[in-house]
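Chain residues, written in single-letter form:
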Amino acid sequence: MTMDKRIEKVKAFTGITDAEAEAVYSMSGLPRDLADRMIENVVGAIQIPVGIATNFIVNGKEILVPMAIEEPSVVAAASNAARMTRVMGGFHATASTPVMIGQIQVLGVPDPHAAAQRVLAESERLLDICNGTNPTLVKVGGGAKEVRTRVINTIRGQMLIVEIDVDCRDAMGANTVNTMAETLAPYIEELTKGRVRLRIISNLAVKRLARAWATFDKESLGGDEVVEGILDAYAFAEADQYRCTTHNKGIMNGITAVALATGNDTRAIESGAHSYAARNGGYESLTKYAKDKDGNLVGSIELPIAAGILGGATSTHPAAKAAIKIMGVKTAQELASVMASVGLAQNLAALRALSVEGINRGHMKLHSRNLAVLAGATPDMLDEVVKRLGTGHAVTFDTVSEVVKQIKAEKESSKHD
Ligand code: MEV
């Protein structure tokens, strides 16, 4: 389809308004004054393409998934993997209560274990103080829910760490949690007779986990041998950290792209994911695979996803708001469920491509078009470049330049004929 046709389809499917469609489609969804207010020293904005991943059924619902990413093949790969689970009902996904952890570091506490007990004994009052900072959140069922303490040994001696669990509902929660931690600090100092240093959210959001699982139809995947190939690839990742890092990177290709399209904090989600992968001391795959009794492939994923649909750029950036509307998600938990499904799809697609044909063949069609533009090809020449490169050539800048030169020369000589 052309871009015009695609956006028409998205409008028809999701019911987004003309203005919302325009925010994505115009490629100028971010007004200058808004950009200028978002960060400091603004001189412009960088545009990343937004593609729509198709074929996703999540918890029985058809979902179009906007993905913002500069890398070719990612959107196609996610769509392709989602297709392979459609006959089996698509993705099933859940997200836990959106609880984030805030940390308060207390130094120089005379008797840290006794101080910890005093803090715990005052939990109710401390939670009230936290919740006083955000009555709206409390009204919708969120807010600070629990206080915990830990005494840790560091290279600079013992420290008392006070942690608060905050149900952030539909927000990512960093501002909420940081405000609560900062407000609480003087009370903690008073109770512990120590000195508070850091008061900040933890991005290891172990209490905000998203899970998705799906059965990928053996026939759609390409048969028994493909299933075996994917299981071999998975076993490699589980056994080897060098491979596992790339394996998890592929998962984050999908999750981060949705995070970016929806105006979420991609770095928070990335750091949480990799830290979660390392939670047992090694570095593990965020996905798991096995065969069912019919030889189909069953995949699952579990990771923290601190993504919101309220607050920050999600609420201000017109294109991000439109992306949320396109997905049709109504809560942060629904968004996290879709993101986990996309991560699983992305990983499955990568493992399948890698174990069957190598990643480059799929990648190269788009890559060769990009290289052709760099080598001076005009848009009308691109299909011909791809055709001539066929599957036999290694796609490098040199080979593509050579083909572009040939086509240009032929065009020139046909002009003179
Ligand atoms: C490329 O962006 C991602 C992959 O390398 C992931 C993987 O190797 O599993 C293809």
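Residues numbered from 1 in each chain as written. Predicted model: local features only at pLDDT ≥ 70, side-chain atom pairs only at ≥ 80, totals over all residues. Heavy atoms only, no water.

1. Observations regarding the domain arrangement of the protein
Domain boundaries assigned for the protein yield domain 1 (3-94 + 209-356), domain 2 (99-202) and domain 3 (362-416). Each partner contributes residues to the interface: domain 1 has nine residues there, and domain 2 has five residues. Around 530 Å² of area is buried between domain 1 and domain 2 when both sides are counted, 60% of it from carbon and sulfur atoms. At the surface where domain 1 touches domain 2, the tally comes to zero salt bridges. (Domains from an automatic or database assignment. Contact = heavy atoms within 4.5 Å. Buried area = accessible area lost by both parts, 1.4 Å probe. Salt bridge = Lys/Arg side-chain N within 4 Å of Asp/Glu carboxyl O.)

2. Concerning the site of the ligand
The ligand sits among 10 residues. The nearest are Glu-71, Arg-243, Lys-249, Asn-253 and Leu-354. Arg-243 places a side-chain nitrogen or oxygen 2.7 Å from an oxygen atom of the ligand. Every element with two or more residues in the shell around the ligand is listed here: helix H11 (241-261) and helix H15 (332-356). Of the residues forming the shell around the ligand, the biggest block, six residues, is contributed by H11. Along the lines of polarity and charge, the residues of the shell around the ligand split into three nonpolar, four polar and three charged. (Near = heavy atom within 4 Å. Polar contact = N/O pair within 3.5 Å; in protein donor to acceptor, adjacent residues only side chain to side chain. Helix = DSSP H or I, 4+ residues; strand = E, 2+ residues; numbered from the N terminus. Nonpolar A, V, L, I, M, F, W, Y, C, P; charged D, E, K, R; others polar.)

3. What about the sheet that holds strand E8 (residues 209-216)?
Reading across the sheet, the four strands line up as E3-E8-E10-E9 and stay open at both edges, with antiparallel pairing between neighbours. The open sheet has two edge strands with one neighbour each: strand E3 (92-95) and strand E9 (287-291). Put simply, the sheet's adjacent strands are angled 10° from each other on average, direction ignored. In this sheet, strand E10 (residues 297-304) lies alongside E9 in antiparallel orientation, the contact comprising five bridges. For Thr-287, the partnering residue across the bridge sits in E10 and is Ile-301. Sheet strands in contact with helix H10 (residues 224-239) are E9 and E10, and its direction is about 140° off that of E9. Strands E9 and E10 of the sheet are contacted by H11, whose axis makes an angle of about 75° with E10. (Pairing = 2+ DSSP bridges. Axes fitted to C-alpha atoms, helices over the stretch in contact; angles between N-to-C directions.)

4. Description of the packing of aromatic side chains
Evaluation of the coordinates by the stated rule reveals three aromatic pairs. Here the aromatic rings of Phe-56 and Phe-91 are separated by 5.3 Å at their centres, their planes lie at 15°, and the arrangement is stacked. Note that Phe-56 is positioned in strand E1 (residues 50-58) and Phe-91 in the loop between helix H4 (74-83) and E3, a separation of 35 residues in sequence. Take Phe-56 and Phe-91: they sit in the same class, and that class is buried. Put simply, the rings of Phe-56, Phe-91 and Phe-216 pair up and form one aromatic cluster. Between the NZ or CZ atom of Arg-279 and the centre of the ring of Tyr-276, over which it lies, the distance is 3.8 Å. (Phe/Tyr/Trp six-rings, centres within 6.5 Å; stacked < 30°, edge-to-face > 60°. Buried < 20%, exposed > 50% of the residue type's maximum accessible area, 1.4 Å probe, protein only. Lys NZ or Arg CZ within 6 Å of the ring centre and 35° of its normal.)

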